[in-house]
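# Coordinate inspection notes
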Amino acid sequence: MLPFYFGTNFKMHQTPAVSAAFLHDLHQLTTDLDSTQLFLIPPFTSLPGLQAKGRIWIGAQNMHFADEGEYTGEISPAMLDALGLDLVLLGHAERRRHFGETDEHLNCKVKAALAHGLRVLLCVGETATDKYYHVERETVARQLKIALHDVTPADIDRLLVAYEPVWSIGTDGQPATVPAVTHTLEQIHATLGELFPSAIIPVIYGGSVNMDNCAEYATLPLLDGLFVGRAARTVDGFVQVLRRALGARA
Ligand code: PGA
């Protein structure tokens, strides 16, 4: 039985002091929760001051695939490993869109992160153009097959997948309907089953998840958790959405 995964990516927000206060307060406000795995993904500059507390994993937002080298401005898996992090987020739509990350890059990153013992939260999701042409399923299948190419089954228990339709993310995003989410989730599970037949890989959902829609997503049997952006940017927002989702799931 998997826990319910619930976390947030702070993107390019927060100083180290703000991240530390968030972690502290979240820990205090969630001590009663069982069967829930929380995670926070702050900016790199906040990471050295944060220690995982109880059920709260700490993750990085990105990494290079090389251990070291002439890559100004990049952070390596060895550096993240040395911080004792729990998780690295790879392939977020903003990385793909603004920084040109391809599925081929992500394949190198996924393998490097797993080789360093890190957990990987891999994001997949179709763009608005993919949606227009009804190739959501083809897109996520392709993203998974390339990003997970040659990943060894022995490492697969450290993989989580986040389905985030690109058109649903951020202030311009539209929340996706439950049938649309289900349609693509079926393909994600089918592709993961094809690649790793005996593995149980958690699949979580993100993209404009908020107080109004979290309950209907949380009840989907094909989902193992939620990945929330703006609505979880404050500790109160995080905890309110989390508790509403858990209440709906129960
Ligand atoms: P959002 O962000 O909830 O603000 O749309 C989600 C994400 O980027 O993962």
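Presented here is a report on the structure given in the accompanying data block. In this text the structure is predicted, and so the values were computed from the model without any measurement.

This paragraph deals with the overall build of the protein chain. Check the secondary structure of the protein chain and you find 9 helices and 8 strands. Across its three principal directions, the C-alpha atoms of the protein chain cover 45 × 45 × 35 Å. Classification of the 250 residues of the protein chain by burial places 52% in the buried group. Contacts in the protein chain between residues at least 24 apart in sequence constitute 72% of all its contacts with a sequence separation of at least 6. Surface exposure of the protein chain reaches about 11400 Å², of which carbon and sulfur atoms provide 54%. Treating the 19 positive side-chain charges of the protein chain as one cloud and the 28 negative ones as another, the clouds have centres 3 Å apart.

Turning to the pairing of strand E5 (residues 119-124), a few remarks are in order. Taken across its 6 residues, E5 has 5 buried, putting it largely inside the fold. Pairing of E5 with strand E6 (residues 159-163) involves 5 bridges; the strand directions are parallel. Paired with Cys-123 across the strands is Ala-162, a residue of E6.

Here we take up the layout of surface pockets. Its boundaries defined by the atoms lining it, the largest pocket holds a volume of some 520 Å³. In terms of residue count, helix H3 (residues 93-99) provides more of the lining of the largest pocket than any other element does, 4 residues in total. Here the residues of the lining of the largest pocket sort into 7 nonpolar, 9 polar and 4 charged. Of the pockets and cavities examined, the second largest pocket occupies roughly 350 Å³.

For the coordinates displayed, the defined rule picks out 1 cavity of 30 Å³ or more. Looking at the largest cavity, the residues that line it are Gly-91, Ala-93, Arg-96, Cys-123, Val-124, Gly-125, Glu-164 and Val-166. Contributions of two or more residues to the lining of the largest cavity are made by H3 and E5.

In this section: the packing of helix H4 (residues 103-115) against helix H6 (residues 136-147). Across the interface, H4 lies against H6 with an axial gap of 7 Å and an inter-helix angle of 45°. Considering the angle they form, H4 stands oblique to H6. Crossing geometry of H4 relative to H6 is assigned as right-handed. Of the residues in H6, those touching H4 at Asp-103, Glu-104, Leu-106, Asn-107 and Val-110 are Arg-142, Gln-143, Ile-146 and Ala-147. Considering only residue class, the contact of H4 with H6 consists of 4 nonpolar, 2 polar and 3 charged.

A few words now on helix H1 (residues 16-29). Here H1 spans 20 Å end to end across 14 residues, near enough to the 20 Å set by a 1.5 Å rise per residue. Along H1, the positions that sit buried rather than exposed are Ser-19, Phe-22, Leu-23 and Leu-26. For H1, the angular spread of buried residues about the axis comes to 95°, placing them on one side. Residues of H1 that are buried sit in contact with strand E2 (36-41), strand E3 (56-60) and helix H9 (235-249).

In this model, helix H7 (residues 178-195) (18 residues) spans 26 Å end to end at C-alpha, consistent with the 26 Å of a helix rising 1.5 Å per residue. Among all positions in H7, only Val-178, Val-181, Thr-184, Leu-185, Gln-187, Ile-188, Thr-191 and Leu-192 are buried.

Calculation criteria
- Residues numbered from 1 in each chain as written.
- Predicted model: local features only at pLDDT ≥ 70, side-chain atom pairs only at ≥ 80, totals over all residues.
- Heavy atoms only, no water.
- Helix = DSSP H or I, 4+ residues; strand = E, 2+ residues; numbered from the N terminus.
- Buried < 20%, exposed > 50% of the residue type's maximum accessible area, 1.4 Å probe, protein only.
- Contact = heavy atoms within 4.5 Å.
- Areas by Shrake-Rupley, 256 points an atom, 1.4 Å probe, with all protein chains shown as cover.
- Lys, Arg positive; Asp, Glu negative; His and termini not counted.
- Charge placed at Lys NZ, Arg CZ, Asp CG, Glu CD.
- Pairing = 2+ DSSP bridges.
- 1 Å grid on protein atoms, 1.4 Å probe; cavity = no way out; pocket = protein on both sides within 12 Å on 5 of 7 lines; lining within 4 Å.
- Points joined across faces, edges and corners; volume = space filled by probe spheres on them.
- Nonpolar A, V, L, I, M, F, W, Y, C, P; charged D, E, K, R; others polar.
- Axes fitted to C-alpha atoms, helices over the stretch in contact; angles between N-to-C directions.
- Parallel < 35°, antiparallel > 145°, perpendicular 65-115°, else oblique.
- Left-handed = near helix turned anticlockwise from the far one by under 90°.
- Expected span 1.5 Å × (residues − 1).
- Arc of directions from axis to C-beta.

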